[in-house]
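The residues making up each chain are set out below.
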Amino acid sequence: MSVNPRWLGLAATVLLAASGFLAGKPVPHDRAWLLGVVVWFVALAMLIRAWWTLREETDQRGVLVTAAIWSLPLLFAPPLGSHDVYAYACQGQLFDAGLDLYRVGPAALPCTWLSDVPELWRETPTPYGPLWIAIEGAAAWLAHGSLPAAVLLLRVAAVLGLLLCVAAVHRLSRQNALLAASPLVLVHVVSGAHNDVVLAGLVLAGFVAARRPGAASGAMSGLAFGLAVAVKVTALTAAPFALLLLFFAGTSRARWTGPAAFAGAAVGAYTILALLTGHGLGFLHALGSTSTMVQWLSVPTGVGMAVGYVLRVTGQPESFATAVAVARAAGLLALAAILLALWWRAARTLARDGDAAGRRGRDVVLTAAGIGMLAAAVLGPVFYAWYAIAGIALLAGTVLTGRLRTVVHVAAAGLPLLTLPDSLGLATKTKVPGAFLDVALVAAAAVHLIRRRGTVTEVPAAPEATRP
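Remember, it's a predicted structure, so these values are computed and weren't measured experimentally. (Residues numbered from 1 in each chain as written. Predicted model: local features only at pLDDT ≥ 70, side-chain atom pairs only at ≥ 80, totals over all residues. Heavy atoms only, no water.)

Observations regarding helix α16 (residues 389–396)
In terms of burial, α16 is a largely internal element, eight of the eight residues being buried. Taken as a whole, α16 has its buried residues at I389, A390, G391, I392, A393, L394, L395 and A396. Taken together, the buried residues of α16 touch α7 (147–173), α8 (183–191), α9 (196–209), α15 (359–379) and α17 (402–414). (Buried < 20%, exposed > 50% of the residue type's maximum accessible area, 1.4 Å probe, protein only. Helix = DSSP H or I, 4+ residues; strand = E, 2+ residues; numbered from the N terminus. Contact = heavy atoms within 4.5 Å.)

Here's what the structure looks like:
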């Protein structure tokens, strides 16, 4: 007898919530914690099965209702997979106290909830923009010293970002509400309240506005992107692709007024928020705050780790850090090349087909932007599962087919498996095999590219005209 996926998923999220109460704290690792970890993986397997069954569902409203039902148990349980939301709450307290979040971490106040903040963030300035800082401050102020209330308010902000994603995706593709019910979203948005979903919603809104030519559309799109950058600077990765839509969608005059209005609105929105909050570009100093974390989920870091391990065996342990730094620099160069190639390919397609305002043109640009944001996530110095949310959300706005559809769905289903309910990352326990797995992946990608470049498609010559 088959089980209704809606109720199977609900049972899964109830168990996920229970795992948070059992194993949501990093210590102690007692029997309750061990039971919680077992429940965590059983529940994730159930949730993945339920969500995978819904992949072919065409009733978008029904999928959204299912997502809402599955979300309810997680809204009132401890955060799962990450404790970053506690850092958000403490950063809000710092902002309310008038401190400069770009200079000090939560320990400088000290924050009321400092003991719940991951050690990495206790002394670390925030890497986020002024809009997210204002949201953190509002949540902390409204919570009046209650950590559960602050977490709930930040979850509300994340869910609003998710609803913006769903609305924008509907405008772009009339489908793909499936993302809202995915394990990745349920664990790292509804439960974990990561701000990447707010970034994703604003970027998607920018692409919705960019569908039409002219200064007004450019200004609306620029406003959305300015707000997105004011959450996380990674939104800039997608901005050049939105400019493509604006440039190719209109007449010769609109091709320039739209992008110009975009730039003005984006800069203006960010500047106003910076002046209102007193936080401008200081986050640039904090972007490297996680660079001390060395884990193989970032492909360049993993390759550098593998080289470092080999150097250790050969008697050069002091070269490990250098190998990682060089590999990360190479990863950033590779990312720049990939983004340029994606942008150029999308621009050539729009120039050739002249379909920027049509469905196919939007799909070409959104697909390139989504792949670019995913590349930025995995080729950066550090990768966490929730970093993939923005790229996956952009790809959800397209008609996914073939291998790309499979990759996106596997990522949306499986990425929560990389962490435990207490936020412990499994990458920290699999450093050596993970690092050499990255080497194998890079080698396989290189072989694939060489074969593609070496394959010459022969075009048969046109037959000569036959004389009568």
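Now that the structure has been shown, the text picks up again.
Regarding a nonpolar patch on the surface
Taken together, the side chains of F76, L152, V156, L160 and L163 make up a nonpolar region of the molecular surface, amounting to roughly 490 Å² of accessible area. Mapped onto the elements of the fold, L163 is located in helix α7. On the basis of relative accessible area, L163 is assigned to the exposed category, the value being 52%. (Patch = residues over 30% accessible without salt bridge, like charges linked within 9 Å, V, L, I, M, F, W, Y side chains within 5 Å. Areas by Shrake-Rupley, 256 points an atom, 1.4 Å probe, with all protein chains shown as cover. Salt bridge = Lys/Arg side-chain N within 4 Å of Asp/Glu carboxyl O.)

Remarks on the pattern of salt bridges
Scanning all chains against the criterion turns up three salt bridges. Residue D116 is joined to K25 by a salt bridge in which the shortest nitrogen-to-oxygen separation is 2.7 Å. Taken as a pair, D116 in the loop between α4 (84–96) and α5 (119–122) and K25 in the loop between α1 (5–23) and α2 (31–53) lie far apart in primary sequence, 91 residues in all. Take D116: its relative accessible area is 19%, and that puts it in the buried class. A relative accessible area of 47% means that K25 is categorised as partly exposed. With a closest N to O distance of 3.4 Å, D100 and R103 form a salt bridge. Given a relative accessible area of 28%, D100 falls into the partly exposed group.

Quick look at the state of the cysteines
Following the criterion strictly, the structure yields one disulfide and no others. Each disulfide pairs two cysteine sulfurs, and for C90 the partner residue is C111, the sulfurs being separated by 1.9 Å. Its S-S torsion of approximately -75° makes the covalent link between C90 and C111 left-handed. Of this pair, C90 sits in helix α4 while C111 sits in the loop between α4 and α5, and the two are 21 residues apart along the sequence. You can call C90 buried: its relative accessible area is 0%. Judged by its relative accessible area of 5%, C111 falls in the buried class. (Disulfide = S-S within 2.5 Å.)

Examining empty space enclosed by the protein
Applying the stated rule across the entire model yields two cavities of 30 Å³ or more. Taken as a whole, the largest cavity spans an internal volume of roughly 90 Å³. Taken together, 10 residues make up the lining of the largest cavity; nearest its centre are L178, L179, A396, V408 and H409. Broken down by secondary-structure element, the contributors of at least two residues to the lining of the largest cavity are α16 and α17. In terms of residue count, α17 provides more of the lining of the largest cavity than any other element does, three residues in total. (1 Å grid on protein atoms, 1.4 Å probe; cavity = no way out; pocket = protein on both sides within 12 Å on 5 of 7 lines; lining within 4 Å. Points joined across faces, edges and corners; volume = space filled by probe spheres on them.)

Topic: the environment of W40
Take W40: it is sitting in helix α2. Look at W40 and you get buried, because its relative accessible area is 0%. The sequence separation of W40 and V189 amounts to 149 residues, and the corresponding C-alpha distance is 17 Å. The residues touching W40, leaving out its near neighbours within four places in the chain, are L16, S19, L80, G81, V187, P416, T419, L420 and P421. Of note is the side chain of W40, whose polar atom sits 3.0 Å from the backbone oxygen of T419. (Polar contact = N/O pair within 3.5 Å; in protein donor to acceptor, adjacent residues only side chain to side chain.)

Thoughts on the environment of A17
Relative to the elements of secondary structure, A17 occurs in helix α1. A residue is classified by how much of its surface remains accessible, and A17, at 7% relative accessible area, is buried. Excluding its chain neighbours within four sequence positions, the residues that come into contact with A17 are P73, L74, A77 and P78.

Overview of unusual backbone geometry
The amide bond that connects L109 to the next residue, P110, takes the cis arrangement and shows omega of -10°. With respect to the element layout, P110 can be found in the loop between α4 and α5. Despite not being glycine, A193 has its phi angle at roughly 55°, a positive value. Mapped onto the elements of the fold, A193 is located in the loop between α8 and α9. A193 gets classed as buried once you look at its relative accessible area, which sits at 0%.

Here's the deal with the nonpolar core
Residues L16, V203, F207 and L394 are the most contacted members of the largest nonpolar core, which totals 128 residues. Per element, the largest residue contribution to this core is 11 residues, and it comes from α7. Excluding residues that lie within four positions of it along the chain, F207 makes contacts with L172, F225, A238, F241, A242, L245, V365, L366, A369 and L394. (Core = buried A, V, L, I, M, F, W, Y, C linked by side-chain atoms within 4.5 Å.)

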